[in-house]
Amino acid sequence: MSDPLVESLRMLARQPGISPLGDDLERAAALYRHFDGAIVDLRKEAQAVLEAETHDSSRTTKP
Amino acid sequence: MTSPCDLTAAALLAAYRARQLSPVDVVRACLDRAAAQDKRLNAVLCRAGEMALQIAQRAETRWKDGSAGLLEGIPFGLKDVIETGDMPTTYGTKGLVGPRRDAEVVRRLKAAGAIPLFKLQTNEIAFGAVQNPHNGSVANPWNAARMAGGSSSGSGAAVAAGYVPLALGTDTGGSVRSPSAYCGITGLKPTSGLLPVSGISAVAPNLDAVGPMARSAEDIGLAMAALTATGSASGSSAAIIRTTDSLKGIRIGVVEGWAFDVLEPDVDRLSRAAIQDLARLGAQVSPAADTRLDLAWQAGWIIMIAESSGEYVDHLRHGAAVDPSLRVRLWSGTLISSTDYLAARRVQDRLVAGLPNVFAQHDVLVLPTSVTAAPGVAATAVKLNGKEYPRIDIATRLTIGANVLGVPALTLPCGFDRDGLPVGLQFLGPRNGEAKVIAVAQAYQAATDFHQLRPAAHA
């Protein structure tokens, strides 16, 4: 089965003049996954920040 | 007799003032030192040569007629991502050539009388691997089998080896501080936005800073006085940062936890000993308020990799001419979604909002600069306490937090490990608190001599 991250990268690689070399895309997907945990943590922290801001009536809310 | 190459900028200025040395002799000595050492170190990409000697002659005249600027006759080096009118800029890569005009920081140093002497090595576009595929690796002056650090590798090696007393580097996640620590010199990443980055290639604009690298905190203060002078005059009227010999009453917060969890044993031992020395010098040392540098590291990586990819994805058109690890980072950055990038920025905003509370309790924070002393030139992983850590996990672990928070961060040498390699200690201050971190660093250096030790010269 193909790796969805690598497939996403292949879409970008269709831009004229930009060609992946060797196993660049597989390694890029692996690097992204290496920081998976950090991304999940940041999403949680950012959500907590947003929730705190929602309770702060002094802030302008989004439409 | 001490070679002029081994003097600090402050000592050179004193010698010029006393007519004991001339800028022409010093520039010649620096060129000779680099010629003798650089086959081994590989730090220099371009030298100013004759032109620098002509500028040095004019500097000599100014010392004679009393019109010398703040840094009159001080030679300096520049990382090859900082544009210059007199020397080419290649950003450590192929396919990019910079405009022939001075970056604003270069203009300010020249206005203060400093003499640009060398363009110095960098990781490719300041974001690739420390082994530059086009120009080769820079060797550490303390041990040529070890890396000089990155990405301001040439600046770190050139200052440590005595090619110049002062160099400029850039720092997105630690690129001034890591080579400064590995090479045993003093380096400052200033407050975000304090120094102009016009004429300097970006890596991640949200985190980027340009900063001085030198052999003492006093010289960092001198350089900052010139770099923050905005007028076109000599800069001699700029306020020199006043320093103190005592730390009495200074509140220093030790960043425990994250900063000490993963460390080479010698780095841990030397850092803790230095912190005890700070207490002996009168500082009130206590555990730091929660700075969440762990979260800052996570946010920093996401911001850095996403923004650098945005800046340079077109560079992938150069294909095989680009460092493979840089290609992988650029590709990887394109996978960061806009929502995840914004999550990282939101977390950054929250951490920055907490800074006034942290610095209400401490004047400065202290932590090690890097997890290890300089690793082997080709090291991709480091083994600590039986566990292997990829370089990518530890290279910015203790440094990128200051970029995310936008605060000044200064590193200085605090000892040497069992292999004779320097170890760095880092001070973080509040935004625009450069004077505080420089004053603390100068007080520490007044009581220690690690910054005065020089690597053995090899012909």
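Residues numbered from 1 in each chain as written. Chains lettered and ligands numbered in written order. Predicted model: local features only at pLDDT ≥ 70, side-chain atom pairs only at ≥ 80, totals over all residues. Heavy atoms only, no water.

Chemist: Kindly report on the state of the cysteines, identifying the contributing residues and their values.
Modeler: Following the criterion strictly, the structure yields zero disulfides over all chains and no others. Between C46(B), a cysteine without a disulfide, and C30(B), which holds the nearest cysteine sulfur, the sulfur-to-sulfur distance is 16 Å. (Disulfide = S-S within 2.5 Å.)

Chemist: Before we move on, can you summarise the pairing of strand 2 (residues 75–79) of chain B with the specific residues and values?
Modeler: Regular strands have side chains that alternate between both faces of the sheet. Residue and element names in this part refer to chain B. When you tally the buried positions in strand 2, you get five out of five residues, the bulk of the element. Burial along strand 2 is two-sided: P75, G77 and K79 and F76 and L78, pointing in opposite directions, are all buried. In this structure, strand 2 lies alongside strand 3 (residues 115–120), joined through five bridges in parallel fashion. Each bridged residue has a counterpart across the sheet, and for K79 the counterpart in strand 3 is L120. On the question of chirality, the crossover connecting strand 2 to the parallel strand 3 by way of helix 4 (residues 104–111) is right-handed. Pairing of strand 2 with strand 6 (residues 166–171) involves three bridges; the strand directions are parallel. (Buried < 20%, exposed > 50% of the residue type's maximum accessible area, 1.4 Å probe, protein only. Helix = DSSP H or I, 4+ residues; strand = E, 2+ residues; numbered from the N terminus. Pairing = 2+ DSSP bridges. Right-handed = clockwise from strand over helix to strand, strands pointing away.)

Chemist: Before we move on, could you go through the sheet that holds strand 3 of chain B and cite the residues and values that matter?
Modeler: Residues and elements named next belong to chain B. Taken together, the eleven strands give an open sheet; going across it, the order is 1-3-2-6-8-7-14-15-11-9-10, and neighbouring strands pair in mixed fashion. In the strand order of this sheet, the two ends are held by strand 1 (44–47) and strand 10 (284–287), each with one partner. Along the sheet, successive strands turn relative to each other by an average axial angle of 30°, direction set aside. Bridge count between strand 11 (residues 364–368) and strand 15 (residues 422–428): four bridges; the pairing is antiparallel. Within the sheet, the bridge partner assigned to V366 lies in strand 15 and is F427. (Axes fitted to C-alpha atoms, helices over the stretch in contact; angles between N-to-C directions.)

Chemist: Give me the layout of surface pockets: which residues, what numbers.
Modeler: In this structure, the largest pocket occupies an estimated 850 Å³ of space. Lining the largest pocket are 36 residues, and of these A129(B), S325(B), R329(B), R391(B) and I392(B) sit closest to its centre. Elements that contribute at least two residues to the lining of the largest pocket include exactly helix 2 (24–34) of chain A together with helix 10 (293–312), helix 11 (324–333) and helix 14 (391–394) of chain B. If one sorts the elements of the lining of the largest pocket by residue count, helix 2 of chain A sits on top with four residues. By residue class, the composition of the lining of the largest pocket is 17 nonpolar, 16 polar and three charged. (1 Å grid on protein atoms, 1.4 Å probe; cavity = no way out; pocket = protein on both sides within 12 Å on 5 of 7 lines; lining within 4 Å. Points joined across faces, edges and corners; volume = space filled by probe spheres on them. Nonpolar A, V, L, I, M, F, W, Y, C, P; charged D, E, K, R; others polar.)

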